[in-house]
Amino acid sequence: MESISEIISIDIERQDGRMFCGTLEFRYNKRVDVLLWTVEWHDAPEVMVEFFPGTSRDVTDLVRQHQKMLIDELLDTLMKRIGKETLF
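Attention here is on the structure that accompanies the text. (Residues numbered from 1 in each chain as written. Predicted model: local features only at pLDDT ≥ 70, side-chain atom pairs only at ≥ 80, totals over all residues. Heavy atoms only, no water.)

A short note on helix α2 (residues 67-82)
Logical step 1: With 16 residues, α2 should cover 22 Å at 1.5 Å per step; its first-to-last C-alpha distance of 22 Å lies within 8% of that length.
Logical step 2: Restricting attention to buried positions, one finds in α2 the residues Leu70, Ile71, Leu74, Leu75, Thr77 and Leu78. All buried residues of α2 lie within an arc of 160 degrees about the axis, which places them on one face of the element. For α2, the exposed residues lying more than 90 degrees away from the buried face are Lys68 and Lys80.
Logical step 3: The first or second residue beyond α2 is Gly83, which carries a positive phi of 105 degrees. (Helix = DSSP H or I, 4+ residues; strand = E, 2+ residues; numbered from the N terminus. Expected span 1.5 Å × (residues − 1). Buried < 20%, exposed > 50% of the residue type's maximum accessible area, 1.4 Å probe, protein only. Arc of directions from axis to C-beta.)

Quick word on the packing of aromatic side chains
Logical step 1: Counted according to the given criterion, the structure contains 2 aromatic pairs.
Logical step 2: Seen in terms of ring centroids, Phe20 and Trp41 are 5.9 Å apart; in terms of plane orientation they differ by 80 degrees. Their pairing is edge-to-face. Taken together, the residues span a long stretch of sequence, with Phe20 in strand β2 (residues 19-28) and Trp41 in strand β3 (residues 31-41) at a distance of 21 residues.
Logical step 3: According to the relative accessible area criterion, Trp41 is buried, its value standing at 5%. (Phe/Tyr/Trp six-rings, centres within 6.5 Å; stacked < 30°, edge-to-face > 60°.)

The following block contains the structure:
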């Protein structure tokens, strides 16, 4: 079974209030792939995170398998770059 070995980069492309979107590049089985993502903060503590394929390769099962790690890394990166106070 494939496994994500590392997240290479997380880029924030756009921000509109409590809505963010960007790209997440990751490595698995010597391959590199890209996910598009959106994050929207509603009334705390509700956060909606969505991932979309960034290439033609189907990585749906891989994303489901590593969903918690991907979301944790994405939210941690947003809080570090944007500032926790800004997000909430």
